[in-house]
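Next come the chains, spelled out residue by residue.
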Amino acid sequence: MIKRSIADKIRKSMLQVPVVTILGPRQAGKTTLVKSLYPDYTYVNLEDRATRELAENDYIGFFKKYSEPMIIDEVQRVPELLSAIQVKVDEDRRKNGRFILTGSHQPRLREAVAQSLAGRTTIHTLYPLSIEEIKSSGKLEELDENIVRGFMPELYLENVRETDVYYRDYLDTYIEKDLRQMIAVKDLNAFLRFLTLLAGRIGQVVNLSGMSGEVGVSSTTLSEWLSVLEDSFVVFRLQPYFSNISKRIVKSPKIYFVEPGLASYLLGIENARQASRDPLRGNLFENIAVLEAVKTRLNNNKDPNLFYMRTEKGVEVDMILKKEGMLYPFEIKSSMTPNSDFSKNMRLFCNSEATAGEMTVIYCGDDYESFQGCRYIHYTEIAGTVGK
């Protein structure tokens, strides 16, 4: 098992609050992590129908059958259980680390937690493996292999399924277990077509009205589908930063996949050689870089505070980190060679923002502390830069 960076933060929270809640996509390693950290805890999975019905219909009997301390998996399946947990926690507020809850639907669970467990829980978010975690394990491969394989923990075990088989099964599981619970999809093929089109628009502002004709459903339905994809940790929206550089700022978010390997599968990229030649290689690289920054922030139990900026005249900063009152711009390029043009838009941004910090280019070449006034870092060093 690859050591997860968030583990120490979870241990610390367990000493501070009665309930620790861990959100994240399916198969990102939530259950494996908490069971390894707390092997003596009673484990309960609410995906099991009989267990779920007991929790729904007889919570007193549920807590008689399953004793504290407990790990309750997929707790969003029975949100009513959170009120019962609140009652048990309030019986003795001095005891911490009593419950670990996991879930894969963020807004539903966040809302229920906010209502029932306010002041009683800390929420952590666990994404698939970070580059930093894989690198520390000695299993990190070249970029094009990463594009195809992605970062799901299971794909780094011995005797694992073929990558394309894994993502095919993952997609089937997502549709069967999550999608059908959240929305009624009348045309499954249309939904898969939409998901594939999103994979082809990684790092772009998505025009749902324009996609409506391609998918064959209304833009209102596409908007609902996109929200569900974000809610269940399939896609991530990078929000725009409203800069002083121009009043004519693009105000829509950019779309990235939480698991770039799934995007590659949807695009039909089957191996590293194909990835190296694919016209969307740069977009997939940008996805990997942005998500590495997100993972680093979340693993440190911090809000991502990541944005991008684009004007209607084409001035764009790929990523902006807001930290300690400063704005740090990043350009993301799959090139291996420094180029003065890479920092052009960041310079415009820095000239217009009084709180702008150091400019950084994330790319595939060697590290340079300063190249024409701009720092260059290899993409495997993102955690060391964003996490400072």
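Bear in mind that the values here come from a model prediction, so they are computed numbers and not experimental data.

Calculation notes
- Residues numbered from 1 in each chain as written.
- Predicted model: local features only at pLDDT ≥ 70, side-chain atom pairs only at ≥ 80, totals over all residues.
- Heavy atoms only, no water.
- Buried < 20%, exposed > 50% of the residue type's maximum accessible area, 1.4 Å probe, protein only.
- Helix = DSSP H or I, 4+ residues; strand = E, 2+ residues; numbered from the N terminus.
- Arc of directions from axis to C-beta.
- Contact = heavy atoms within 4.5 Å.
- Polar contact = N/O pair within 3.5 Å; in protein donor to acceptor, adjacent residues only side chain to side chain.
- Pairing = 2+ DSSP bridges.
- Axes fitted to C-alpha atoms, helices over the stretch in contact; angles between N-to-C directions.
- Parallel < 35°, antiparallel > 145°, perpendicular 65-115°, else oblique.
- Nonpolar A, V, L, I, M, F, W, Y, C, P; charged D, E, K, R; others polar.
- Left-handed = near helix turned anticlockwise from the far one by under 90°.
- Disulfide = S-S within 2.5 Å.
- Lys, Arg positive; Asp, Glu negative; His and termini not counted.
- Salt bridge = Lys/Arg side-chain N within 4 Å of Asp/Glu carboxyl O.

*Asks:* Describe helix H11 (residues 208-215), naming the residues involved and giving the relevant values.
*Replies:* Within H11, burial applies to Leu208, Met211, Ser212 and Val215. All buried residues of H11 fall inside an arc of 120 degrees around its axis, so they share one side. Looking at H11, the residues exposed on the side facing more than 90 degrees away from the buried face are Ser209 and Gly213. Considering only its buried residues, H11 is in contact with helix H10 (188-199) and helix H12 (219-231). The N-cap of H11, judged by a side-chain oxygen 3.1 Å from the amide nitrogen of Ser209 a few residues on, is Asn207. A positive phi of about 95 degrees marks Gly216, the residue just after H11.

*Asks:* Let's hear about the sheet that holds strand S10 (residues 326-332): which residues, and what values?
*Replies:* Read across the sheet, 6 strands follow the order S8-S9-S10-S11-S13-S12 without closing on themselves; strand pairing throughout is mixed. Each having just a single partner strand, strand S8 (306-310) and strand S12 (368-371) make up the two edges of the open sheet. Across the sheet, the axes of successive neighbouring strands diverge by a mean angle of 35 degrees, strand direction being ignored. Those strands touched by helix H15 (residues 281-299) are S8, strand S9 (316-323), S10 and strand S11 (360-363), and its axis lies near 5 degrees from that of S9. Relative to the sheet, helix H16 (residues 344-352) contacts S8, S9, S10, S11 and strand S13 (374-378), its axis offset from that of S10 by approximately 165 degrees.

*Asks:* Help me get a handle on the sheet that holds strand S4 (residues 99-103), residues and values and all.
*Replies:* One open sheet holds the 5 strands; their spatial order is S2-S3-S4-S1-S5, and the pairing between them is parallel. Looking at strand neighbours, the two that pair on one side only are strand S2 (42-45) and strand S5 (121-125), the edges of this open sheet. Between one strand axis and the next, the sheet turns through 15 degrees on average, direction left out of account.

*Asks:* Pulling in residues and values, what's your account of the packing of H11 against H12?
*Replies:* Axis separation between H11 and H12 bottoms out at 8 Å; the angle between their running directions is 100 degrees. Accordingly, the angle class assigned to the pair H11 and H12 is roughly perpendicular. Of the residues in H12, those in contact with Leu208, Ser209, Met211, Ser212 and Val215 of H11 are Ser219, Leu222, Ser223, Trp225 and Leu226. Tallied by class, residues from the contact of H11 with H12 come to 6 nonpolar, 4 polar and no charged.

*Asks:* For the pairing of strand S6 (residues 235-238), give the residues involved together with the corresponding values.
*Replies:* Residues of S6 alternate between two faces, with Val235 and Arg237 on one and Phe236 and Leu238 on the opposite face, all of them buried. In terms of strand pairing, S6 meets strand S7 (residues 254-257) through 4 bridges, oriented antiparallel. Counterpart to Phe236 in the pairing with S7 is Tyr256.

*Asks:* Just give me the short version of the pairing of S9, but keep the residues and values in it.
*Replies:* Across the 8 residues of S9, 7 count as buried, placing the element largely inside the fold. In this sheet, S9 lies alongside S8 in antiparallel orientation, the contact comprising 4 bridges. Directly across from Phe307, in S9, lies its bridge partner Ile320. Here S8 folds back onto S9 in antiparallel fashion, the turn holding 5 residues, of which Gly314 has a positive phi close to 95 degrees. Hairpin connection, S9 to S10: the antiparallel pair is bridged by 2 residues, and Glu324 has positive phi, about 50 degrees.

*Asks:* Please set out the packing of H10 against H11 residue by residue, giving values where relevant.
*Replies:* Here H10 crosses H11 at 135 degrees, and the two axes come no closer than 10 Å. With respect to H11, the element H10 is oriented oblique. In the crossing of H10 with H11, the sense of the turn from one axis to the other is right-handed. Residues Ala190, Arg193, Phe194, Leu197 and Leu198 of H10 touch H11, and the partners they reach there are Leu208, Met211, Glu214 and Val215.

*Asks:* Quick rundown of the state of the cysteines? Include the residues and the values.
*Replies:* As enumerated under the stated definition, the model contains 0 disulfides in all. The cysteine Cys350 is free of any disulfide, with Cys374 supplying the nearest cysteine sulfur at 8.7 Å.

*Asks:* Summarise unusual backbone geometry; cite the residues concerned and give the values.
*Replies:* In this structure, Pro69 follows Glu68 across a cis peptide bond, with omega equal to -10 degrees. Here Pro69 lies in the loop between helix H4 (59-65) and strand S3 (70-73). The phi dihedral of Gln27 is positive, around 65 degrees, even though this residue is not glycine. With respect to the helices and strands, the residue Gln27 is situated in the loop between strand S1 (19-23) and helix H2 (30-37). In the Ramachandran plot, Asn305 falls in the positive-phi region, its phi being about 50 degrees despite a non-glycine side chain. Looking at the element boundaries, Asn305 is found in the loop between H15 and S8.

*Asks:* Describe the side chain of Lys323, listing the residues and the values that go with them.
*Replies:* Mapping Lys323 onto the fold places it in strand S9. Although buried, Lys323 forms no salt bridge, and the nearest oppositely charged side chain, Glu324, lies 5.9 Å from it. Once residues within four sequence positions are removed from consideration, Lys323 is found in contact with Arg297, Tyr328, Thr385, Val386 and Lys388.

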